[in-house]
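# Coordinate analysis (summary)
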Amino acid sequence: MNKTLVAVLGAGALLLAGCGSDDKSDVAASTTTVAPITTTKVVTKGEKFATQLKAYGIFPTADQLPLLIPAATGNCDSLVSMTIPDDQKFDKLTDLAVQLAKMQGTTWLQERVAAEAFIRASVEAYCPENAGLLPAR
């Protein structure tokens, strides 16, 4: 009986020894908690443009917004490619926008304040790297 008890106790000790580990990475892995998954909505340039227009008091409908995007990206191209001093580019582009609006009959853009707001929203959404060409407000 003593031999049986020793054998059972020895086997039990071996089983318990096999359950644990002296490796610290095993301990760390078993006590690590998983961080909750979070999602961040990526705002598209179009959404940023719509938000900026609204911030400046221009409220296009969902049908009108896609029609404004080519002009907005064109503002970025024009602002950079103008061959006049940087501090004059915004004013010149605003003047051109007002003139084009009058020729096309786009009444809301014929006001200088609206044209400035449209150009600002364009730059802030589609070419923020050129924000330095915008005058301080």
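Check the entry above for the structure.
To keep things clear, this report deals only with the structure shown in the data block. Just so we're clear, the structure is a prediction, and the values are computed from it rather than from any experiment. (Residues numbered from 1 in each chain as written. Predicted model: local features only at pLDDT ≥ 70, side-chain atom pairs only at ≥ 80, totals over all residues. Heavy atoms only, no water.)

### Some remarks on the pattern of salt bridges
Across all of its chains, the model carries five salt bridges by this definition. For the salt bridge of Lys-41 with Glu-47, the shortest nitrogen-to-oxygen distance reads 3.2 Å. Judged by relative accessible area, which is 62%, Lys-41 ranks as exposed. Each of Asp-91, Asp-95, Arg-112 and Glu-116 takes part in one network of salt bridges that share partners. (Salt bridge = Lys/Arg side-chain N within 4 Å of Asp/Glu carboxyl O. Buried < 20%, exposed > 50% of the residue type's maximum accessible area, 1.4 Å probe, protein only.)

### Quick word on the packing of aromatic side chains
For any two aromatic rings, the description comes down to two numbers: the centre-to-centre distance and the angle of the planes. Going through the model one piece at a time under the given rule, you end up with three aromatic pairs. Between the aromatic rings of Phe-49 and Phe-118, the centroid separation amounts to 5.8 Å while the plane-to-plane angle is 70 degrees, which identifies the pairing as edge-to-face. You can see Phe-49 sitting in helix α3 (residues 45-55) and its partner Phe-118 sitting in helix α6 (residues 112-126), a full 69 residues away along the chain. Using a relative accessible area of 0% as the deciding quantity, one classes Phe-49 as buried. With centroids separated by 5.8 Å and ring planes inclined at 75 degrees, the aromatic side chains of Trp-108 and Phe-118 adopt a geometry described as edge-to-face. In this pair, Trp-108 sits in the loop between α5 (86-104) and α6 while Phe-118 sits in helix α6, placing the two residues 10 residues apart along the sequence. Linked through ring pairs, Phe-49, Trp-108, Phe-118 and Tyr-126 together constitute an aromatic cluster. Its end group placed over the ring of Phe-90, Arg-120 keeps NZ or CZ at 5.3 Å from the ring centre. (Phe/Tyr/Trp six-rings, centres within 6.5 Å; stacked < 30°, edge-to-face > 60°. Helix = DSSP H or I, 4+ residues; strand = E, 2+ residues; numbered from the N terminus. Lys NZ or Arg CZ within 6 Å of the ring centre and 35° of its normal.)

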